[in-house]
Amino acid sequence: MSEELMQQILSISFYGASLALILIGVYGVLTKKNLIKILLSLTIVDSGVNLLFVSLGYIMNGTAPIFSPAIMDGKIEVLKTAPMVDPVPQALVLTAIVIGLGVTAVGLALVIRLFRHHNTTNIDEIRNLKW
Amino acid sequence: MSVLTVLIVVLGAIFLVVGAWYVLTRKDLLVATIASSIISLILSVFFLILQAPDVALTEATVGVALTTIIFVVTIRNTKRMEE
């Protein structure tokens, strides 16, 4: 296989997988009736967005950011032959993963409170907004 | 960038989409939670291929362990089956 063909296959795989994850997650949030299943769909959307961000910052044949042999040797010219991938989306995604965990934990705590009050997790049977 | 990497990425993408659909269609919420943690595992391999080892480590611990633990605790406090 040639280099360009492999590059195109990789791009299609990463972007296609992330977009498919986002779309499947949004479908689940909109159509499912169970509260825990809705939160599972929300984590799937979260994963898709994270993969989309990291794959947008990827450079073909790049190395991991900051800590690369070119930087260690102090030669800036070497960076043109061996570039490093973009570190900004990686830092953003690192934060977004932890925030996603916090959002999921708060949602699950609300689900437990609703279950103790209404004795169900089906959103069709929870009609009143009163606690 | 070798042929093996391309093969792993294509197979992983297919498994990701099938796994997400599996999570949505299961009636047993415990099975859906375990499938969601397997999605996170494949995703952390993807991050490693994308030259983001720090994100891969965080996704492996948070996505596979912590999210699964809090979902299992919630399912234990509520109903296991989706009716």
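Residues numbered from 1 in each chain as written. Chains lettered and ligands numbered in written order. Predicted model: local features only at pLDDT ≥ 70, side-chain atom pairs only at ≥ 80, totals over all residues.

(A) How the structure looks around the interface of chain B and chain A. Across the contact, 41 residues belong to chain B and 42 residues belong to chain A. Elements supplying a minimum of two residues to the side of chain B that touches chain A: α1 (3–25), α2 (29–49) and α3 (53–77) of chain B. Looking at the side of chain B that touches chain A element by element, the count peaks at 13 residues for α3(B). Taken together, the residues of the side of chain B that touches chain A break down into 27 nonpolar, nine polar and five charged. (Contact = placed C-beta atoms within 7 Å. Helix = DSSP H or I, 4+ residues; strand = E, 2+ residues; numbered from the N terminus. Nonpolar A, V, L, I, M, F, W, Y, C, P; charged D, E, K, R; others polar.)

(B) How the structure looks around the nonpolar core. Counting residues in hydrophobic clusters, the biggest one holds 33 residues, and the most contacted among them are L21(A), I36(A), I44(A), L51(A), V54(A), A20(B) and F47(B). Listed by contribution, the elements that provide at least two residues to this core are α1 (3–31), α2 (35–56) and α5 (87–118) of chain A together with α1, α2 and α3 of chain B. In terms of residue count, the dominant contributor to this core is α2(A) (eight residues). For A20(B), the contacting residues outside a window of four places in its chain are L21(A), I24(A), I44(A) and I39(B). (Core = buried A, V, L, I, M, F, W, Y, C linked by C-beta atoms within 7 Å. Buried ≥ 20, exposed ≤ 12 C-beta atoms within 10 Å, placed from the backbone.)

(C) Representation of the packing of α2(A) against α5(A). Residue and element names in this part refer to chain A. Closest axis-to-axis distance for the α2/α5 pair is 10 Å, and the angle between their directions is 175 degrees. Considering their axes alone, α2 and α5 lie roughly antiparallel with respect to each other. Taken together, the residues of α5 that come into contact with α2 (itself represented by L35, I36, L39, T43, D46, N50, F53, V54 and L56) are P89, Q90, L92, V93, A96, I97, G100, T104, G107, L108, V111 and L114. Here the residues of the contact of α2 with α5 are counted per class, giving 14 nonpolar, six polar and one charged. (Axes fitted to C-alpha atoms, helices over the stretch in contact; angles between N-to-C directions. Parallel < 35°, antiparallel > 145°, perpendicular 65-115°, else oblique.)

Scope: geometric values only; no functional claims are made or implied.
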